[in-house]
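# Analysis of the macromolecular model
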Amino acid sequence: FWETVTCDAPPASFPTDRYELGVSNDAGVSLANTRTKVYTEHALELDGSVALIADTKVVGATYTLWFQITQPTLTFATLLELSNGLGFTYEDEVVHAVYGNSKLGSLGGKTSLNEWHHLSIAVDEGQTRMLLDAQVVVDVAMPNLAGGYALQSVGNNLKGVLDEFRVYSSALTTEEIVRGAFRRELDLSRMSAYYRFNQDFLDYTRNTTLSVLGKSNAKFVSVGAPWEPTTVYSANGARSPEVSEGSDAIAIEGFNFARSKWLTCKFGESGLDFAYSGIGRNGGDLSRPDGVQQSIDGSEVFVVSGSETPATYVSITEATCEGAPAEPRQARRALLDLGVGETTVGLPGDESDPIDG
C-alpha cells in the first residue's frame, strides 16, 4: 500500500529555481527523506475575447512584454496600448508599431505563430524607441505628455500567450532592454509594475492592478521561458556523447526549451556568467510578495563562445541540433541557447569529459 497526497506548487518560482519537496505530518518540523525538484513557470493564454485594462494608473518610461500569437485574428488585436494609441497591434498577420491610427513600423513579413516574441517601448524626453525581437523598428520624436504615457490595455482581442509584462520607471537603453529580456527582473525598486502571470494577476511591485475583461476565457498554461536558462541532460542519449563532424541531427534532452528565433545549439567553451540566488545582483530581493524565499541555492548560468548550429524545437524537454560544427574541435559542453548567447545552462558532468565534434 501507499498513500497519495496532492499539493499546489509555489506560484512564483522560476523554472531553474531548485526546491526540495517533502511531506510533513507536523507542520514542517520533520520531513520525509524522499525529495524531488519542482518546476513552475506559467504564462497567460488568451482566446481572443479577453482584455487586460488598467484600473489604476500605470505609468512608466519603458514597457516590455513577451508574447506568442497562436492564431491569426479576423480583425486586429492590440498587444499593448498606451496613451494616444501608442503601442503594438497585430493586423493582417503582422505585428505593427502604431501611434493612433498610424502604423509606424514592423519587421516586415508575417509574424511567426506559436513562437516567443518580445516587444518594448521606451520614451525618453520626447524621443520614442520601439523594439520587436530585439530590433529597433521605430526611433522618432514624439510629443511629451503631462504625466507620461500611461497603460490603457494589454492583449485586447489577442489569440495568444502573454508573459513577463514589465513597466520601468526610467527609459532603458536598447542594450538594457535586450539584455533584460533574457534575465529575471531582480530589482523591483526601479519598476512601476511587474506582472509575471504565474497563476495570478498580481503586480509584484504592489503598485497597480488590472481588470480582466472576459476573465473566464483566460487561463494560465505551463510554458518554456526564453528569459530562463535551459538545462541539458543528454545529447544523443548520453552525457558525454561521441559526435562526429557533419553528423546527423543531434537529439538533445533537457528542460525549459522555449520556441523562439533565439533557440540555437552552441558548441564551444563555456564560462560561468553569474548565479541566481536569493538576493539579486543589484540588491533586489527575489522573495515572493508573501515573504516566502524563492530560491535556496539558485542556478548557475553560463556564457558560451564557439560555433552554433540551428536548433529545432520539439517540446519543452526535447530539441534537435543540425549536426556538429563543420570544423574539427573539442566542445566541452553541448548547449541550447535561448538568449542571444547569454542564458544557457550546460550539459551536466565533468569539464574533463569532452564531446567530440
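Everything that follows concerns the structure shown earlier in this document.
A brief report on the enclosed structure follows.

Scoring rules and cut-offs
Residues numbered from 1 in each chain as written. Predicted model: local features only at pLDDT ≥ 70, side-chain atom pairs only at ≥ 80, totals over all residues. Heavy atoms only, no water. Pairing = 2+ DSSP bridges. Helix = DSSP H or I, 4+ residues; strand = E, 2+ residues; numbered from the N terminus. Axes fitted to C-alpha atoms, helices over the stretch in contact; angles between N-to-C directions. Contact = heavy atoms within 4.5 Å. Phe/Tyr/Trp six-rings, centres within 6.5 Å; stacked < 30°, edge-to-face > 60°. Buried < 20%, exposed > 50% of the residue type's maximum accessible area, 1.4 Å probe, protein only.

The strand order β7-β6-β5-β4-β11-β2-β14 describes an open sheet built from seven strands, whose pairing is antiparallel. Of all the strands in the sheet, the pair left with one neighbour each is β7 (102-105) and β14 (210-213). Here the strands of the sheet are splayed against their neighbours by 30° on average, with no regard to which way each runs. Strand direction decides the pairing type here: strand β4 (residues 77-82) and strand β5 (residues 87-91), joined by four bridges, are antiparallel. Each bridged residue has a counterpart across the sheet, and for T78 the counterpart in β5 is T89.

What follows is about the pairing of β7. With three bridges joining them, strand β6 (residues 94-99) and β7 adopt antiparallel strand pairing. Following the sheet pairing, Y99 is matched in β7 by S102. Counting the residues that bridge the hairpin from β6 to β7 gives two residues, and of these G100 lies at a positive phi of roughly 65°.

The subject of this paragraph is the environment of K57. Topologically, K57 is positioned in the loop between β2 (51-54) and β3 (62-69). For the pair K57 and L210, spaced 153 residues apart in sequence, the C-alpha to C-alpha distance is 9.5 Å. With sequence-adjacent residues up to four places away left out, K57 is seen in contact with G147, A150 and T208.

Going through the model one piece at a time under the given rule, you end up with eleven aromatic pairs. Between W66 and W262, the aromatic rings sit 5.7 Å apart at their centres with planes inclined by 75°, giving edge-to-face as the arrangement. You can see W66 sitting in strand β3 and its partner W262 sitting in the loop between β17 (250-255) and β18 (264-276), a full 196 residues away along the chain. Classification of W66 by relative accessible area gives buried; the value is 2%. Through pairs of rings, three or more aromatic residues link up here, namely W66, W116, F182, W227 and W262.

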